[in-house]
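# Examination of the molecular architecture
Here is what each chain is made of, one letter per residue.
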Amino acid sequence: MCNPKTFNAATTPRRPSLRAQQQKYQSIILDSATALFVIHYIYNNPSYLNPWNIPNAQLWIAGFIFIRCAIVFYDHLVVAVIERLFKCKVLPTREPGAPPVRYVSLDSQSIVYMSINSLNEYAFVMRLTHYLWHGGYQHLVQWKIEDISIANTILALGIMLVSMDLLYAPLHHFLHLPSMYPLIHKHHHRQHYPVRGYLDAGNEHPIEHMIGVVCTWFAVLTAEMLLPTCRLWLSGNAHSPDLVTKGGGVHAVTVLIFFNLHAALAMLNHSPYNVNFSMPFIGSTKLFGKENRLIQLTERVPLIGKRLLFAAAALVLISHHVAESFVHPTTISASSTLSSTAEPLVEISTDAGEEQKKKKRQQLKQALLGRIGSPSSNNFVSDPLLVDPLTKEPLSLSLKGPILGSNAGVRLTLKSATDSERVFEGRSDAYINLLEPISDDKEEKTSVASSPILSSLLTLTPPPVRSLVANVSSNSDLEYIPMRDLFTSPSVSYAYERGWRQGFAAAGFPGADKEFELAKEYFAPVIAKRRSSGEDKVVVDMSCATGLFTRRFLKSGEYDRVIACDYSDSMLTEARRRIRTDSELASSNKKLDLVRCDVAKIPLKSGSIHAFHAGAAMHCWPEIELSLKEIHRVLAPGGRYFATTFLGTYFQNVANLEKTSNGGNNVEQSMQAFQYFPNVEHLRDLLLDAGFDGDKVEVEAVGSACVIIRCEK
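Given the structure is predicted, the values throughout are model-derived calculations rather than measurements.

One finds Phe-523, Phe-612, Met-618, Trp-621, Leu-628, Tyr-641 and Ile-709 to be the most contacted residues of the largest nonpolar core, which totals 91 residues. Per element, the largest residue contribution to this core is eight residues, and it comes from helix α16 (residues 512-532). The contacts of Ile-709, once residues within four sequence positions are left out, are Met-618, Tyr-641, Phe-642, Ala-643, Leu-683, Leu-687, Glu-698 and Val-699. In this structure, Tyr-122, Leu-227, Ala-252 and Val-255 belong to the second largest nonpolar core, which totals 48 residues.

What follows is the structure, encoded as structure tokens:
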């Protein structure tokens, strides 16, 4: 923005004091702990960086570049307006003839901090626009032009500016405490005379930057909810569930104005221009300087008072985390445990007695058990389809956890009918784990899937190296099977619908929508027959991944129950997240189960399924022969199996690399990256060996390496 005079001050090297060394080590510990927390949080909440579910990395990066360019443009636009429109002069320290100011260049630490902050800014912009687009909390954010009023514009803007400073003032003062200043805020004051606008404003410790982001969220949420809440209290309807009042809340345009105004003031506060911007109670444009009246008040508060004030202010730091939960509030439904639906519960009045609540809860629980299960001959409630994957015996079902008044899921416990020690668990808001019982001694080798970090690292290495690393590992209990464990990595789950699956078109895959239509068309006759006889219409989506086809089966309305299965817990977690955030599925009354299992040990009753789907999956099944036999077992007479997979030619380079790394010899099948099906005849033979009749098996090659399979039992 400006190139002031500079000078180089000669410095004499000196030995750092003991206090300086302690601060250095404290800073390293703080930065390391912060980095670990951020990595852990993003690892478990990848949607933080992509709330809009941008489908591929290219678009996400393009959006990031657009935001960076927009910030640079806005920075220069603000300067142009100040210089030409308002004719503002530079500060006395920058006038011609004034002593030269100390100008500090950007060091490597500053570049790292600004890079991290730029990613957080991008996430903030996406989350804020996503929040506004969905109307905020209970649709208190107005969008229509006719909804603009003095309350949700001028008054709301003032509330945002004041509330942000109310929170930032004590937090900023906390950063100036002697014990905290060297660790966080000192870096921001490297440039005593800021001149670079945004570059100096954004050159701060990531913790300080996050505090600013949280303060912005706090301001938006305060303006959004304060006016409607006050109106309801004044009108005597403080307990009304409807906070929306005409002209209440905040208008989306006001939030955008506030965001741009705040950005402009932050840039000007780090520029060489002498600008005055005054508002009642707040002060001048130097919002964070001594002219700020809130900071003047803070200076008069005793130290204990400051710490108590900071502790109270820290409670709102979670506001930016809970903001996204306001977009799609969820409620537990009477059938959302083992088989999820969206029918709302009948809420119990807060005035009802405890006995009435308990009675109502028991009634709902019994209705729930009756809906998702059926009494067996042994007089216990069991699921009509799910069984023990090993013994194939029915599983008794019990529920534990909140039924009413909570967004938490219900804990499910399933016990084998013949072996009480075989107990499985799950949650209605996650998935049912039928891969292994919780009572197992686990004498078998532990899968790499149980170590997410190792799984993620191995995902980034070539398939032969993955196998080699796992097989020569010093951990004798470690087992890595590429076909199975590749997709247990959260990074693969995150990327699956963000470019990974779309790349299958190169092999001739027709695309998810077309594949779904082909499967639905093939299942149509058997589904129509069950509909005419009044029987349940169930479809199984094996190796469902992130629920790409699961969601389509649910939305079609053709099936009463959808059972989506996968070996990978990270895939099932991503599938549940996508289902939960899909507004169309939120209003569906169809049953849904997400089940973790092994396709070679399918936990379904024999002869119980009439529609079985496996999209782009068979090449990832280590025990392909046993898996196909299991599918034949669970299919009812006349039941149909529809699948797509790759021919081995698509993975020829991978296969050659494996062979080369193995001294020119073929790699053992269990250590291959994928199943390399040589041709359609080989696939047909596998299906015949599994028990399917030859005249009811159709294997069709499409494109260069795609295969579509249709089988009927």
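Having seen the structure, we can now continue with the description.
This part covers the pairing of strand β7 (residues 423-427). Here strand β6 (residues 411-416) runs beside β7; their pairing, made up of five bridges, is antiparallel. Looking across to β7, one finds that Leu-412 is bridged to Gly-426. As consecutive antiparallel partners, β6 and β7 are separated by six residues. Where β7 and strand β8 (residues 432-433) come together, two bridges link them in antiparallel fashion. Bridge pairing in β8 places Gly-426 opposite Ile-432. Connecting the antiparallel pair β7 and β8 is a turn made up of four residues.

A cluster of nonpolar side chains, namely Trp-52, Trp-133 and Trp-143, defines an oily patch on the protein surface of about 380 Å² accessible area. Here Trp-133 lies in helix α3 (residues 108-133). Judged by its relative accessible area of 57%, Trp-133 falls in the exposed class.

A separate point is the side chain of Glu-630. When you line up the elements, Glu-630 lands in helix α20 (residues 624-634). Excluding anything up to four places from it in sequence, Glu-630 contacts Lys-392, Val-599, Ala-600, Lys-601 and Ile-602.

Bringing the packing of helix α15 (residues 490-500) against helix α18 (residues 569-580) into the picture now. At their nearest, the axes of α15 and α18 sit 8 Å apart, and the two run at 45 degrees to each other. As judged from the angle between their axes, α15 and α18 are oblique. Here α15 and α18 pass one another in a crossing that is right-handed. Here Pro-490, Val-492, Ser-493, Tyr-496, Glu-497 and Arg-498 of α15 come into contact with α18, specifically with Ser-570, Met-571, Glu-574, Arg-577 and Arg-578.

This part takes up unusual backbone geometry. Across the chain, the bulk of peptide bonds are trans and the bulk of non-glycine residues have phi less than zero. Even without a glycine there, the phi angle at Ala-545 is positive, about 55 degrees. By the element assignment, Ala-545 lies in the loop between β11 (538-542) and α17 (550-556). If you check the backbone angles, Ala-616 has positive phi at about 50 degrees while not being a glycine. Assessed through its relative accessible area of 9%, Ala-616 is described here as buried.

A contiguous patch of negative charge, built from Glu-623, Glu-625, Glu-681, Asp-685 and Asp-689, is present on the exposed surface. Following the sequence through the fold, Glu-623 ends up in the loop between β14 (609-614) and α20.

Time to look at helix α22 (residues 680-689). Listing the buried residues of α22 in full gives Leu-683, Leu-686 and Leu-687. The buried side chains of α22 occupy one side of the element, clustering within an arc of 95 degrees when seen end-on. For α22, the secondary structure elements touched by its buried residues are α20, β15 (635-646), β16 (697-702) and β17 (706-712). Its side-chain oxygen at 3.2 Å from the backbone nitrogen of Glu-681, Asn-679 defines the N-terminal cap of α22. Downstream of α22 by one or two residues, Gly-691 has phi in the positive range, about 120 degrees.

The next subject is the pattern of salt bridges. Throughout the structure, instances matching the rule amount to 23 salt bridges. Here Arg-68 ties to Glu-121 by a salt bridge, and the two come within 2.9 Å at their closest N and O atoms. Of this pair, Arg-68 sits in helix α2 (residues 57-85) while Glu-121 sits in helix α3; the two residues are 53 residues apart in sequence, bridging distant segments of the chain. An identical accessibility class is assigned to Arg-68 and Glu-121; each is buried. Between Asp-560 and Lys-590 there is a salt bridge, with its nearest N and O atoms 4.0 Å apart. A residue pair is termed long-range when its members are at least 10 positions apart, and Asp-560 in the loop between α17 and β12 (561-566) and Lys-590 in the loop between α19 (583-586) and β13 (591-596) qualify at 30 residues. Taken together, the salt bridges that share partners define one network made up of Glu-497, Arg-498, Arg-551, Glu-574, Arg-577 and Arg-578.

Take the packing of aromatic side chains next. Counted by the stated rule, this structure contains 19 aromatic pairs. Ring centres 6.0 Å apart and planes at 85 degrees place the aromatic pair Phe-124 and Trp-217 in the edge-to-face group. Pair noted here: Phe-124 is in helix α3 and Trp-217 is in helix α6 (residues 206-234), with a separation of 93 residues, a long-range link. Judged by relative accessible area, Phe-124 falls into the buried class, the value being 6%. On the accessibility criterion, Trp-217 (1% relative accessible area) is buried. Measuring from centroid to centroid gives 4.6 Å for Phe-646 and Tyr-650, while their planes differ by 25 degrees, and the two rings are stacked. Residue Phe-646 is classed as buried on the basis of its relative accessible area, which comes to 1%. Each member of the aromatic cluster is reached from another via a ring pair, and the members are Phe-504, Phe-509, Phe-646, Tyr-650, Phe-651, Phe-674 and Tyr-676. One cation-aromatic arrangement involves Arg-596 over Tyr-567; the distance from NZ or CZ to the ring centre is 5.4 Å. Arg-640 extends its terminal NZ or CZ atom over the ring of Tyr-522, reaching a point 4.5 Å from the ring centre.

Definitions and cut-offs
Every chain's residues receive numbers from 1 upward, in the order its sequence appears when written. Under the rules for a predicted model, residues below a pLDDT of 70 receive no local features and side-chain atom pairs below 80 are neither given nor counted, while totals for whole chains, interfaces and linings still include all residues. Excluded from the side-chain calculations are hydrogens and water; all other atoms, namely the structure's heavy atoms, are used. Side-chain atoms within 4.5 Å link the members of a nonpolar core, which is a set of buried Ala, Val, Leu, Ile, Met, Phe, Trp, Tyr and Cys residues. The classification of residues rests on relative accessible area computed with a 1.4 Å probe and restricted to protein chains. Under 20% of the type maximum is buried, over 50% is exposed, and intermediate values are partly exposed. Helix numbers and strand numbers start at the N terminus; a helix is a DSSP run of H or I with at least 4 residues, a strand a run of E with at least 2. We call two residues in contact when some of their heavy atoms are within 4.5 Å. For two strands to count as paired, DSSP must find a minimum of two bridges between them. Each patch groups residues whose relative accessible area exceeds 30% and which form no salt bridge, using 9 Å between like charges and 5 Å between nonpolar side chains of Val, Leu, Ile, Met, Phe, Trp and Tyr. Here, Shrake-Rupley sampling with a 1.4 Å probe gives the accessible areas, and only protein chains in the shown set may cover a residue. Between Lys or Arg on one side and Asp or Glu on the other, a salt bridge is scored when a side-chain nitrogen of the former is within 4 Å of a carboxyl oxygen of the latter. Orientation is described by axes fitted as lines to C-alpha atoms, over the contacting stretch for helices, and by angles from 0 to 180 degrees between their N-to-C directions. Roughly parallel here means an angle under 35 degrees, roughly antiparallel means over 145, roughly perpendicular means 65 to 115, and every remaining angle is called oblique. Two helices that cross are described as forming a left-handed crossing if the nearer one is turned anticlockwise from the farther one by less than a right angle, and a right-handed crossing if clockwise. Working convention for charge: Lys and Arg count positive, Asp and Glu count negative, and His plus the chain ends are omitted. By convention, the point assigned to a charge is CZ for Arg, NZ for Lys, CD for Glu and CG for Asp. Think of the arc as the fan of directions from the helix axis to the C-beta atoms. N or O atoms within 3.5 Å of each other form a polar contact, as long as, within protein, one can give a hydrogen and the other can take it, and as long as residues adjacent in sequence are counted only when both atoms are side-chain atoms. Stacked, edge-to-face and tilted are the three classes for Phe, Tyr and Trp ring pairs, Trp counted by its six-membered ring, which pair at centre distances within 6.5 Å; planes under 30 degrees apart are stacked, over 60 edge-to-face, the rest tilted. Think of it as a cone above the ring: NZ of Lys or CZ of Arg counts as a charge over the ring if it is within 6 Å of the ring centre and within 35 degrees of the ring normal.

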